[in-house]
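These are the residues of each chain, in order.
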Amino acid sequence: MPTFRTTDDVTLSYTDDGEGPPIVLVHGYTAPATSWALTVDALLDAGYRAIAFDRRAHGESETPVHGQRMARHGRDLGELLDHLQLDDAVLVGASMGGNTVWAYVDQFGPARLRAAVIVDQTPKMLNDDGWHHGFYGYEPANAGTLFAGGVPDTGRGRTVDRSASQMLRLVERLGAPPAFRDPSASETLPLLADHARQDWRDVVRRFPLPLLMLAGRESQIWPCEHAAAAVADSPRGRALVIEDAGHAISFDQPDRFNEALLGFIREVDATTSVVPSSAHEATDAR
């Protein structure tokens, strides 16, 4: 995988395929860039350039002790865009990758983007009197302890066995299971804790570009209504719930996910001068 060096001396990895308009894929906590493989294939076939990012401490990227907070992960994403000299990019962030997108926008603004897609990630994980769409059971009383050992099982939503057949498609595509990191690793627990404390609702509200918030109807970690609540005051935001899917929508329903993603991107492109490459050119570039 190609790499680049961040301004705080960490080597980060990414994949980069295709020649069309850029789509940058940012996955969630513990997941590698390669777990986007089925979506990368769909993007290439549709004539887009697909870039999948291994955040620090994920995939093949280095795992430093420093920088394990959302602000730095957002900066890393910005430095990837700088490294690749990307403009008019669509950012697609799943789970914690979604809030990495907001950490980037909060620091650098939307000038290099043309749209954003957030995949089953609430902008505020803590439930309180003004917000009931956070992580199940995460409240002020346990705010300092719930994620101390990793991501707790909520006992809610879609069961693992129902996702097995679709997950097998990704395993067959990769030739092996995707290399997830340890969710309880000591070097990334500070990142998880910082992620859980953040509130990105004001960033979402002020985002001026097309925005799609996707939610899994049977998400295991928060109610699907978070997506509609997040974009209630967003000028160009919309929410879409994917049926028969849990938190990992692109694993549970890859075809539906890719259809929703490409449909949204094509709508965005129809209002701009962005034109995908031909499917033939994208296939040759793979």
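Before any of the text, the structure's been laid out above.
Conventions we followed
- Per-chain numbering applies: the sequence of each chain, read as written, is numbered from 1 onward.
- The predicted nature of this model means local features are confined to residues of pLDDT at least 70 and side-chain atom pairs, given and counted, to a pLDDT of 80 or more, with totals for whole chains, interfaces and linings taken over all residues.
- Side-chain metrics rest on all non-hydrogen atoms present in the structure, leaving aside hydrogens and water.
- Here a Phe, Tyr or Trp ring, Trp counted by its six-membered ring, pairs with any other such ring whose centre lies within 6.5 Å, and the pair is stacked when the planes are under 30 degrees apart, edge-to-face when over 60, and tilted otherwise.
- Every helix listed is a DSSP run of H or I at least four residues long, and every strand listed is a run of E at least two residues long, numbered separately from the N terminus.
- Per-residue accessibility, obtained with a 1.4 Å probe over protein chains only, is compared with the maximum for each type, and a residue is labelled buried under 20%, exposed over 50%, and partly exposed between these values.
- Remark: a charge is flagged as sitting over a ring if the NZ atom of Lys or the CZ atom of Arg is within 6 Å of the ring centre and within 35 degrees of the ring normal.
- One bridge is not enough; two strands pair if DSSP finds at least two bridges between them.

### Notes on the packing of aromatic side chains
Each aromatic ring pair is characterised by the separation of its centres together with the angle its planes make.
Okay, so step 1: What the rule picks out here adds up to nine aromatic pairs.
Okay, so step 2: For the pair F4 and Y14, a centre-to-centre distance of 6.3 Å together with 50° between the ring planes defines the contact as tilted. With a gap of 10 residues between them, F4 in strand 1 (residues 3-5) and Y14 in strand 2 (residues 11-17) connect regions that are remote in the sequence.
Okay, so step 3: In this structure F4 comes out as buried when scored by relative accessible area, which is 5%.
Okay, so step 4: For Y14, a relative accessible area of 5% puts it in the buried group.
Okay, so step 5: One aromatic cluster is present, built from ring pairs that chain together F135, Y138, F147 and W222.
Okay, so step 6: Geometry around Y136 places R156 over its ring, the cationic atom sitting 3.9 Å from the centre.

### Side note on unusual backbone geometry
Both trends apply: most residues other than glycine have a negative phi, and most peptide bonds are in trans.
Okay, so step 1: Backbone geometry places A57, a non-glycine residue, at a positive phi of 70°.
Okay, so step 2: The topology assignment puts A57 in the loop between strand 4 (49-54) and helix 2 (70-84).

### Remarks on the pairing of strand 2
Okay, so step 1: Pairing of strand 1 with strand 2 involves three bridges; the strand directions are antiparallel. Residue F4 lies in a different strand from strand 2, and its bridge partner there is L12.
Okay, so step 2: If you look at the hairpin formed by strand 1 and strand 2, you'll find five residues sitting between the two strands, and D9 has a positive phi there, around 65°.
Okay, so step 3: Where strand 2 lies against strand 4, five bridges are found, and the strand directions are antiparallel. When the sheet's bridge partners are listed, T15 is paired in strand 4 with A52.

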